[in-house]
Amino acid sequence: MATFHHPHFFSSNDLLKPPNTAKPNNTPSRRTLPVKSKNAKKKEEGAWKEKKKVFVDYDEGSHNVSVQLSGIRKADLPQHKRVRVAGERFQKDWSISEVVQRVLGTKHWEDIEGLLNRWVGRFARKNFPVLIREITQTGSIEHSIHVFRWMKNQKNYCARNDIYNMMIRLHARHNQTDQARGLFFEMQEWRCKPDAETFNALINVHGRAGQWRWAMNIKDDMLRAAIPPSRSTYNNLINACGSSGNWRQALQVCQMMTENGVGPDLVTHNIVLSAFKSGAQYLKAVSYFQLMIGTEIRPDTTTHNIVIHCLIKLQQYAQAIEMFNSMREKRSECKPDIVSFTSLIHLYSVSGQIDHCKAVFNTMLGEGLKPNIVTYNSLIGAYASHGMSEEAQSIFSEMKKNGFRPDVVSYTSLLNAYGRSEQPKKAREVFHLMKRNNCKPNVVSYNALIDAYGSNGFPAKAIDVLREMEQNGVHPNIVSICTLLAACGRVGQKVKIDSILSAAELRGIALNTIAYNSAIGSYMNVGDYEKAIELYRSMRKKKVKPDSVTYTVLISGGCKMSKYIEALGFLDEMMGLKIPWSKEVYSSVIYAYGKLGRFTEAESIFTTMKVAGCSPDVVTYTTMIHTYTAVGDWEKAAALLEEMGMNNVQPDTIAFSAMLRAFNTGCQPAKVMSLAGVMREKNIPFSDAIFLEMLSACSILRDWSTTTKLVKMMEPSFPVISVGVLNQLLLFIGKSGKIETMMMIFLKIVATGGEISVSTYSIVLKNLLAAGNWRKYIEVLGWMEDAGIQPSFEMYRRILHFAQNSGGAEYAAVIQERVRKLSFCKF
């Protein structure tokens with residue numbers, strides 16, 4: 001397209017003057033160019049001066065500050081242009097700011113060109129670059145394209161680099177790479193030679209799109225055009241590489257930048273840190289920050305925010321909090337912003353300190369920072385991860401009340417909160433609410449709903465959600481499969497595990513390590529050891545590398561199914577792959593060695609575990625106590641209990657019951673009663689195993705007083721105590737000769753609905769017969785028949801024998817008659 005050139009215009013006064021015919025000193029006649037006066041220059045400078053306009057609404061308690069730009073107005077136009085618009089009532093003398101506001105107020109189907117054609121300022125070419133700058137700064141790409149298209153059709157338009165640069169940068173903000181490249185070629189057709197800013201904008205747009213190789217090629221084109229790269233060029237190149245996760249290439253560009261004599265600035269360092277962050281090189285980012293502190297460049301808020309994020313990923317929570325506090329101390333240099341507080345909320349969420357999340361949120365509000373939707377989503381996600389659905393719902397409502405429209409992350413987090421709090425129906429309601437509010441669920445939303453049903457024992461509904469997501473055009477991923485596998489394994493549905501694996505294969509979803517671990521664990525949970533091993537062999541055949549979780553599932557699952565030799569075989573494979581041991585592996589291996597009677601190996605593994613810096617947990621200690629109990633070494637078991645206290649490992653009911661058994665096995669009943677007293681002081685709940693060991697200790701000590709107290713302690717739990725413990729209680733009391741007490745306890749057990757079996761009646765009858773109370777014996781036989789429990793032949797035979805040999809002849813005929821009624825009687 002050709003460029004329009006216009007001759008200079010003269011005023012009407014100049015045309016009325018007679019020509020000057022005098023030619024001094026043979027000087028040729030020539031037309032002199034008009035020179036602007038000082039007042040005209042000042043007036044033009046005032047046209048580009050920005051003026052702030054403040055609007056305050058005292059009723060609403062709000063204020064708005066806007067920048068107004070006048071531009072060249074009607075009074076500043078040449079005379080012939082003013083004459084053209086003088087009689088037109090539709091021609092408006094708007095300022096540039098007013099034009100921008102009116103253009104932004106139009107819809108994409110309205111006539112933007114008609115609006116601009118009413119603007120008097122269109123006759124001033126100098127208004128065009130400023131108009132483009134103001135309209136592009138708003139970020140509205142559709143309106144900017146319309147204005148730019150209209151501008152190119154104006155006769156007084158002149159193509160300029162700065163105009164194209166602004167349009168290319170706008171397309172970069174909207175990740176429209178092809179359109180930005182098209183503008184690059186178009187400006188050259190209009191004979192605009194690209195400058196450094198043009199190339200920088202083009203590199204930026206390719207960097208945003210992750211096309212770092214294109215960005216490098218554009219840098220080479222820049223060099224061929226004899227345009228030296230600036231610091232902004234290198235920064236854009238580093239950002240292009242870093243945002244694509246190619247942190248190594250980003251470092252090479254940084255080194256190239258230094259070698260070419262362009263020193264890095266704070267922006268460069270922040271981009272490099274961001275490259276490490278995008279490439280998951282968190283430790284390198286922290287090290288780079290330490291090197292950066294030694295330079296003269298002072299880190300800003302962005303720098304600290306990146307490093308805090310990396311420290312959280314490294315689980316170095318104390319260092320991250322310390323850095324945040326240092327930001328608050330140095331407010332003048334790097335004051336915490338909304339990103340800083342949001343990162344701190346996430347920190348307390350992943351570290352399990354959920355109470356601190358709301359405190360950080362309130363502190364942020366107290367310092368005058370307005371939360372954005374990311375902050376609200378982080379807080380909702382924090383509550384969701386701990387199943388605190390009421391708190392998550394409260395923040396969700398507060399977010400909507402403050403004018404924020406929930407996005408897919410908001411709804412998904414709330415859905416997850418209800419799923420984790422065992423409310424799958426509520427989770428489904430949130431899912432429907434999301435769809436009603438025109439927020440399209442993504443694969444993460446569907447996975448959260450699958451988990452809500454699966455983790456709460458509804459695998460069939462979870463599978464229905466999988467079908468629903470496919471019908472709605474959302475493809476399931478490996479997370480969907482893992483969630484379904486875990487759900488079916490949790491409820492013990494072996495057939496559905498097979499079908500889910502087949503469904504993944506049909507959909508082309510390749511199982512990764514996590515998926516294999518879920519499937520193997522699910523088969524172990526349903527007791528199908530062979531299927532689990534078959535799947536593990538398939539995993540190795542397909543070159544999917546197993547990890548610590550894989551072998552933990554295999555070894556612990558093998559131990560649960562009493563396959564101790566096979567479990568130790570997997571241990572050898574694990575050691576061959578040099579996979580680090582987990583606490584569960586240590587505990588399972590110790591348990592396997594103990595069950596196989598290889599106590600020396602078990603003790604050796606336990607020692608190796610502590611030397612390796614892997615602190616034993618309560619499960620490992622309990623396993624080792626069982627091992628020492630099996631060899632009768634109660635002293636070493638007692639030493640382990642003391643060691644647990646020294647290492648701040650709180651013993652649970654299972655650990656105490658193992659220790660009580662160790663004392664009883666080692667004939668230390670007094671220590672059993674002493675340890676039981678410690679349990680009462682610490683409010684440790686008593687289980688059936690605890691009661692059984694205490695009864696055994698009382699039996700050895702013949703301590704009737706303690707037994708009486710124990711009975712009172714057990715009475716509220718009679719309905720839930722196992723029949724074995726109740727039988728042991730009745731046997732001990734009966735052997736002690738306390739027949740009346742035994743019958744009283746027996747009647748209480750019956751009255752409270754405790755479990756009564758044939759063995760219970762047998763113990764009561766034996767004790768009655770041993771005490772010579774044959775009348776009560778016959779009465780209890782009647783109770784058995786009334787309860788629908790048929791007495792055995794042996795029970796009648798005992799009483800008949802007693803009647804014949806102990807002076808009870810008057811009842812012998814009656815007893816014998818009852819015995820004859822038994823179907824299996826041989827009398």
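The rules behind each value
Residues numbered from 1 in each chain as written. Predicted model: local features only at pLDDT ≥ 70, side-chain atom pairs only at ≥ 80, totals over all residues. Heavy atoms only, no water. Helix = DSSP H or I, 4+ residues; strand = E, 2+ residues; numbered from the N terminus. Buried < 20%, exposed > 50% of the residue type's maximum accessible area, 1.4 Å probe, protein only. Areas by Shrake-Rupley, 256 points an atom, 1.4 Å probe, with all protein chains shown as cover. Phe/Tyr/Trp six-rings, centres within 6.5 Å; stacked < 30°, edge-to-face > 60°. 1 Å grid on protein atoms, 1.4 Å probe; cavity = no way out; pocket = protein on both sides within 12 Å on 5 of 7 lines; lining within 4 Å. Points joined across faces, edges and corners; volume = space filled by probe spheres on them. Nonpolar A, V, L, I, M, F, W, Y, C, P; charged D, E, K, R; others polar. Core = buried A, V, L, I, M, F, W, Y, C linked by side-chain atoms within 4.5 Å. Contact = heavy atoms within 4.5 Å. Salt bridge = Lys/Arg side-chain N within 4 Å of Asp/Glu carboxyl O. Patch = residues over 30% accessible without salt bridge, like charges linked within 9 Å, V, L, I, M, F, W, Y side chains within 5 Å. Lys, Arg positive; Asp, Glu negative; His and termini not counted. Charge placed at Lys NZ, Arg CZ, Asp CG, Glu CD. Expected span 1.5 Å × (residues − 1). Axes fitted to C-alpha atoms, helices over the stretch in contact; angles between N-to-C directions. Parallel < 35°, antiparallel > 145°, perpendicular 65-115°, else oblique. Left-handed = near helix turned anticlockwise from the far one by under 90°.

Enquirer: Report on the overall build of the chain, specifying residues and quantitative values.
Expert: A tally of regular secondary structure across the chain gives 46 helices and two strands. The buried share of the chain, taken over its 827 residues, is 45%. Total accessible area on the chain is roughly 43,800 Å²; 52% of this is exposed by carbon and sulfur atoms.

Enquirer: Summarise the packing of aromatic side chains; cite the residues concerned and give the values.
Expert: Summed over the entire model, instances satisfying the criterion amount to 21 aromatic pairs. Measuring from centroid to centroid gives 5.1 Å for Phe324 and Phe341, while their planes differ by 80°, and the two rings are edge-to-face. In this pair, Phe324 is assigned in helix α17 (residues 317-329) and Phe341 in helix α19 (residues 338-350), connecting sequence segments 17 residues apart. Assigned by exposure class, Phe324 and Phe341 land together as buried. Taking 5.1 Å as the distance between ring centres and 65° as the angle between the ring planes, the aromatic pair formed by Phe431 and Tyr446 counts as edge-to-face. With Phe431 in helix α24 (residues 424-436) and Tyr446 in helix α25 (residues 443-454), this pair connects stretches of sequence that are 15 residues apart. Clustering of aromatic rings is evident, with ring pairs tying together Phe184, Phe185 and Phe199.

Enquirer: Tell me about the layout of surface pockets, residues and numbers included.
Expert: There is about 390 Å³ of room inside the second largest pocket. At the level of elements, α28 (494-506), α29 (513-525) and α30 (529-541) are the ones that each hand at least two residues to the lining of the second largest pocket. Take the lining of the second largest pocket: its biggest share by element is five residues, from α28. Its residues placed into classes, the lining of the second largest pocket shows eight nonpolar, two polar and five charged.

Enquirer: How would you summarise the nonpolar core if you had to cite specific residues and measurements?
Expert: Ranked by size, the top nonpolar core spans 235 residues in total, and within it Ile132, Met151, Tyr157, Ile555, Met659 and Met714 carry the most contacts. With six residues, the next largest nonpolar core counts Leu77, Val120, Phe123 and Ala124 among its residues.

Enquirer: Could you give an account of the environment of Leu730, naming the residues involved and the relevant values?
Expert: Its place among the elements puts Leu730 in helix α41 (residues 723-735). For Leu730, a relative accessible area of 0% corresponds to the buried category. In this structure the C-alpha to C-alpha distance between Leu730 and Met743, which are 13 residues apart in sequence, comes to 8.6 Å. Non-local contacts of Leu730, meaning those with residues more than four positions away in its chain, are made with Met742, Ile745, Phe746, Ile749, Thr760, Ile763, Val764 and Asn767.

Enquirer: Describe in detail the pattern of salt bridges, supporting the description with residues and values.
Expert: With the rule as written, the count across this model stands at 19 salt bridges. Between Arg169 and Glu197 there is a salt bridge; the shortest N-O distance is 3.8 Å. One end of the pair, Arg169, is in helix α8 (residues 161-173); the other, Glu197, is in helix α10 (residues 196-208), with 28 residues separating them in the sequence. Taking relative accessible area as the criterion, Arg169 reaches 35% and is therefore assigned partly exposed. Judged by its relative accessible area of 41%, Glu197 is partly exposed.

Enquirer: Pulling in residues and values, what's your account of a positive patch on the surface?
Expert: Together, Arg89, Lys92, Arg102 and Arg118 line one region of the surface with positive charge. Relative to the elements of secondary structure, Lys92 occurs in the loop between α3 (79-86) and α4 (96-104). Lys92 gets classed as partly exposed once you look at its relative accessible area, which sits at 30%.

Enquirer: Let's hear about helix α23 (residues 408-420): which residues, and what values?
Expert: Helical geometry: 3.6 residues make up each α-helical turn, so side chains three or four residues apart lie on a common side. Compared with the 18 Å implied by 1.5 Å per residue over 13 residues, the 18 Å span of α23 between its first and last C-alpha is a close match. For α23, the buried fraction is high: 11 of the 13 residues fall into the buried class. Every buried residue of α23 is listed here: Val408, Ser410, Tyr411, Thr412, Ser413, Leu414, Leu415, Asn416, Ala417, Tyr418 and Gly419. The inward-facing, buried residues of α23 contact α21 (373-385), α22 (389-401), α24 and α25. Downstream of α23 by one or two residues, Glu422 has phi in the positive range, about 60°.

Enquirer: Which residues make up the environment of Leu116, and what are the values?
Expert: Here Leu116 is to be found in helix α5 (residues 112-116). A C-alpha to C-alpha distance of 9.6 Å links Leu116 and Lys92, two positions 24 residues apart in sequence. The residues contacting Leu116, other than those within four sequence positions of it, are Val99, Val103, Arg122, Val147 and Trp150.

Enquirer: Before we move on, can you summarise the packing of α22 against α23 with the specific residues and values?
Expert: Packed helices, taken two at a time, are described by the angle between their axes plus the distance between the axes. Interhelical geometry of α22 versus α23 gives an angle of 160° and a closest axis separation of 8 Å. As the angle between them shows, α22 and α23 are arranged roughly antiparallel. Remark: the crossing between α22 and α23 carries left-handed chirality. Along its contact with α22, which presents Ser389, Ala392, Gln393, Phe396 and Met399, the element α23 presents Ser410, Tyr411, Leu414, Ala417 and Tyr418.

Enquirer: Break down unusual backbone geometry for me, with residues and values.
Expert: Among all residues except glycine, the phi angle is most often negative; among peptide bonds, the trans geometry is most common. Phi at Asn438 takes a positive value of approximately 60°, unusual for a residue other than glycine. When you line up the elements, Asn438 lands in the loop between α24 and α25. Judged by its relative accessible area of 69%, Asn438 is exposed. We note that Ser562 has phi near 60°; this positive angle belongs to a residue other than glycine. Locating Ser562 in the fold gives a position in the loop between α31 (548-560) and α32 (564-576).

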